[in-house]
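Listed here are the chains, written in short residue letters.
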Amino acid sequence: MKAVQYRAVGEAPEVVTVPDPEPGPGQVLLKVTAAGVCHSDIAVMSWPADQVPFPLPLTLGHEGVGTVAALGDGVHGLSVGDSVAVYGPWGCGICVNCAEGKENYCLRAKELGIMPPGLGAPGAMAEYMIVDDPRHLVPIGGLDPVKTVSLTDAGLTPYHAIKRSLPKLVPGVTAVVIGTGGLGHVAIQLLRAMTAARVIALDVTEEKLDLARAVGAHEAVLSDEKAADRVMELTGGLGAHVVLDFVGAPPTVETAGAVARVDGDVTIVGIGGGALPVGFGTLPYGTSVSAPYWGSRKELAEVLDLAHAGAVDVHVETYSIDEAPLAYERLHDGRVNGRAVILPNG
């Protein structure tokens, strides 16, 4: 089968031919319908050799949707042909966090060498993939796989981040979304569907701000050296109750801290290497800063329920598996508006 692999440190991903996988006991074989392309992949491919925590080559793709092609011995509750989404942050399934479905915060994953598909285990950017356990699959019913696949990360991650701040997202408050790409444009829709907050979106191009407006942002501000001043003007000098940074680079993190309101939440979701100093007098009184990771299995089901209700609509660009390196190149250059999706069997 064809697969998109990161084969050597510092090299671009390649389309290669590898043996078809077969499910072992307790495993599920998926015929992949769609796989998402994410900035996290680019971050991983930029790490020096001494920071890469898994062996290469690695089949990429931590966002996956497919149909069940075969079941390993002992697997129950699924049937061949079922259309399912892959829950990515695999855990041990046994620790107290996993028992609550919070496998994104598994206490033993590092110890046991458990890694997500596409970020350590073979991922979804192939014609077929192995899922380690049926609990990591969620039925999608009649949802469009191409529109749904990115919800496994680009939907689940902002949903988890927003839920942490729901007590503050009451009528009359302001939420700022920094970065309106793959995750950010979904976050805007989730904020509009889940809260009555006023949403201010920040990004670096008018094209991306147009997308932000189209999906529900009340205000759209160019993310430059004047962005913080503009947000403060829009909030009467008080700042935002909740700031969600989906870039996480040093300039955006600085902006996030600069526009936070007293007793506000700053949530750094992006992995751009930025950090926000926390200490008395460095931020407005009572400001909370967090860096959450992905989301729980229950939250993925909730995100898919929102999709069934028509509350979220991911803007996608589709590519064949042979065009996957081009998709990564376009994403790296900031030329993907929304989410890039690979169709391995399309």
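Residues numbered from 1 in each chain as written. Predicted model: local features only at pLDDT ≥ 70, side-chain atom pairs only at ≥ 80, totals over all residues. Heavy atoms only, no water.

**As for the overall build of the protein**
Move 1: Within the protein, the regular secondary structure consists of 11 helices and 16 strands.
Move 2: If one aligns the C-alpha atoms of the protein with their principal axes, the spans along those axes are about 60 × 40 × 40 Å.
Move 3: In the protein, buried positions account for 55% of the 346 residues.
Move 4: Sequence separation of at least 24 residues holds for 69% of the intrachain contacts in the protein that already meet a minimum separation of 6.
Move 5: As displayed, the protein has an accessible area near 14300 Å², and 54% of this comes from carbon and sulfur atoms.
Move 6: Counting 23 positive and 39 negative side-chain charges, the protein places the centres of these two groups 5 Å from one another. (Helix = DSSP H or I, 4+ residues; strand = E, 2+ residues; numbered from the N terminus. Buried < 20%, exposed > 50% of the residue type's maximum accessible area, 1.4 Å probe, protein only. Contact = heavy atoms within 4.5 Å. Areas by Shrake-Rupley, 256 points an atom, 1.4 Å probe, with all protein chains shown as cover. Lys, Arg positive; Asp, Glu negative; His and termini not counted. Charge placed at Lys NZ, Arg CZ, Asp CG, Glu CD.)

**Section: the UniProt feature "domain: Enoyl reductase (ER)" (unreviewed entry) in the protein**
Move 1: If you check UniProt for "domain: Enoyl reductase (ER)" (unreviewed entry), the listed places come out as residues 10-342 in our numbering.
Move 2: The straight-line gap between the two end C-alpha atoms of residues 10-342 is 22 Å; of that span, 26% is helix and 23% is strand. (UniProt positions renumbered as here; feature names shortened; annotations may be inferred.)

**Structural notes on the layout of surface pockets**
Move 1: Approximately 200 Å³ is the volume found for the second largest pocket.
Move 2: Taken together, G10, E11, A12, P13, I42, M45, S46, P325, Y328, E329 and H332 make up the full set of residues lining the second largest pocket.
Move 3: Among the secondary structure elements, those contributing two or more residues to the lining of the second largest pocket are α1 (39-45) and α11 (324-332).
Move 4: Counting residues per element, the lining of the second largest pocket draws most heavily on α11, which supplies four residues.
Move 5: The class makeup of the residues in the lining of the second largest pocket is six nonpolar, three polar and two charged. (1 Å grid on protein atoms, 1.4 Å probe; cavity = no way out; pocket = protein on both sides within 12 Å on 5 of 7 lines; lining within 4 Å. Points joined across faces, edges and corners; volume = space filled by probe spheres on them. Nonpolar A, V, L, I, M, F, W, Y, C, P; charged D, E, K, R; others polar.)

**Notes on the pattern of salt bridges**
Move 1: Tallied over the full model, the rule gives 21 salt bridges.
Move 2: The salt bridge partner of E111 is R108, with a shortest N-O separation of 3.0 Å.
Move 3: Owing to a relative accessible area of 58%, E111 belongs among the exposed residues under this scheme.
Move 4: For R108, a relative accessible area of 31% puts it in the partly exposed group.
Move 5: R335 is the partner of D333 in a salt bridge, and the nearest nitrogen-oxygen pair spans 3.5 Å.
Move 6: Assessed through its relative accessible area of 44%, D333 is described here as partly exposed.
Move 7: Using a relative accessible area of 38% as the deciding quantity, one classes R335 as partly exposed.
Move 8: Among the charged side chains, a salt-bridge network with shared partners connects E103, D133, R135 and R297. (Salt bridge = Lys/Arg side-chain N within 4 Å of Asp/Glu carboxyl O.)

**A look at the packing of helix α5 (residues 156-164) against helix α10 (residues 297-308)**
Move 1: Between α5 and α10, the shortest axis-to-axis distance is 10 Å and the interhelical angle comes to 105°. When the interaxial angle is binned, α5 and α10 end up roughly perpendicular. Where α5 approaches α10, its residues L156, Y159, H160 and K163 are matched on the opposing element by E299, L300, E302, V303 and L306.
Move 2: Classifying every residue of the contact of α5 with α10 by side-chain character gives five nonpolar, one polar and three charged. (Axes fitted to C-alpha atoms, helices over the stretch in contact; angles between N-to-C directions. Parallel < 35°, antiparallel > 145°, perpendicular 65-115°, else oblique.)

**With respect to the sheet that holds strand β9 (residues 174-178)**
Move 1: In spatial order, the strands read β11-β10-β9-β12-β13-β14; together these six strands make up an open sheet with parallel pairing. Since the sheet does not close on itself, it has two edges, and those belong to β11 (219-222) and β14 (288-290), each with one partner. The sheet shows a mean angle of 15° between the axes of neighbouring strands, direction not considered.
Move 2: Sheet topology note: the β9/strand β12 (residues 240-245) ladder contains four bridges and is parallel. Note on β12: the bridge partner recorded for V177 is L244. (Pairing = 2+ DSSP bridges.)

**Regarding the environment of G264**
Move 1: Following the sequence through the fold, G264 ends up in strand β13 (residues 260-268).
Move 2: As for G264 and S288, which are separated by 24 residues in sequence, their C-alpha atoms are 6.3 Å apart.
Move 3: If we ignore the near neighbours within four places in the chain, the residues touching G264 are K168, H241, G286, T287 and S288.

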